[in-house]
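Structure at a glance
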Amino acid sequence: MVGWDREVTYAKLRTASLLVQRGSALVATNADPSYPAHDGFWPGAGAILAAITTTTGAAAEVVGKPHPPLYLAARRRLGGDRPLVIGDRLETDIAGAAALGWDSLLVLSGATTSARAAASSVVPTFVGPT
C-alpha cells in the first residue's frame, strides 16, 4: 500500500519495489503528484508511487480519489443523500465528485490556481478562495 509518507526513504522504496517484483499487489491511496504545503509543493503519494512503478513496470490499483469506491464509502459512513465534495485538486477531488454527479467546491488555496481551473475540462459546481 503506497500513500503519502513524509518520511519515505530509499530503503522503503527498495523494499516496496522488491515486494512488487515478487508478486505482491501494488495498491495506492491516491496518485496526487504533489502535496500543497505552506512553503510550496512537496512530493505527494503519486510521486512516491512513480518511483515504484518506474522501477517495477507494475500498474497500481488506486483505491482513493478520484475513484468512486472512496466517495461512496464516505457517503455511507457519514450519511446524507446530497454530498458536497470539497477539494483543492481538479483531477482527483473534483473529478471524483463529477463522476458521481455530486456537487463540488474547488478551493484555490492548494494545488489548483484560478487560471488552471478556468482552462480545465473538469468543472466544479462552486469555486472559493479557501
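This text gives an overview of the structure that appears in the document. What you see is a predicted model; the values in this text were computed from it and never measured. (Residues numbered from 1 in each chain as written. Predicted model: local features only at pLDDT ≥ 70, side-chain atom pairs only at ≥ 80, totals over all residues. Heavy atoms only, no water.)

Here we come to the overall build of the chain. Each helix and strand counted, the chain has five helices and seven strands in total. For the chain, the α and β elements follow one another from N to C terminus as α-β-β-β-α-β-α-β-α-β-α-β. Along the first, second and third principal axes, the C-alpha set of the chain runs to 45 × 35 × 25 Å. Every one of the 130 residues in the chain was classed for burial, and the buried ones make up 32%. For the chain, the proportion of contacts with a sequence separation of at least 24, taken over those separated by at least 6, is 51%. Accessible surface computed for the chain: about 7900 Å², of which carbon and sulfur atoms make up 57%. (Helix = DSSP H or I, 4+ residues; strand = E, 2+ residues; numbered from the N terminus. Buried < 20%, exposed > 50% of the residue type's maximum accessible area, 1.4 Å probe, protein only. Contact = heavy atoms within 4.5 Å. Areas by Shrake-Rupley, 256 points an atom, 1.4 Å probe, with all protein chains shown as cover.)

Topologically, L100 is positioned in helix α4 (residues 90-100). We classify L100 as partly exposed; its relative accessible area is 26%. In the structure, L100 is positioned 29 residues away from Y71 in sequence and 8.6 Å away in space, judged by C-alpha atoms. Aside from chain neighbours lying at most four places away, what touches L100 is P68, Y71 and L72.

You can see D103 is positioned in strand β6 (residues 103-107). In this structure the side chain of D103 is engaged in a polar contact, spanning 3.4 Å, whose partner is the side chain of T125. The contact partners of D103, leaving out residues within four places of it in the chain, are R82, P83, L84, V85, A97 and T125. (Polar contact = N/O pair within 3.5 Å; in protein donor to acceptor, adjacent residues only side chain to side chain.)

With that settled, consider the packing of aromatic side chains. Per the stated rule, a full pass over the model turns up four aromatic pairs. Between Y35 and W42, the aromatic rings sit 5.9 Å apart at their centres with planes inclined by 35 degrees, giving tilted as the arrangement. Overall, the relative accessible area of 33% leaves Y35 in the partly exposed class. When the centroid spacing of 6.3 Å and the interplanar angle of 70 degrees are considered together, the rings of Y71 and W102 count as edge-to-face. With Y71 in helix α3 (residues 68-78) and W102 in the loop between α4 and β6, this residue pair connects regions lying 31 residues apart in the sequence. Relative accessible area serves as the criterion here: at 8%, Y71 is assigned to the buried category. Counting every residue linked through ring pairs, the aromatic cluster contains W4, Y35 and W42. (Phe/Tyr/Trp six-rings, centres within 6.5 Å; stacked < 30°, edge-to-face > 60°.)

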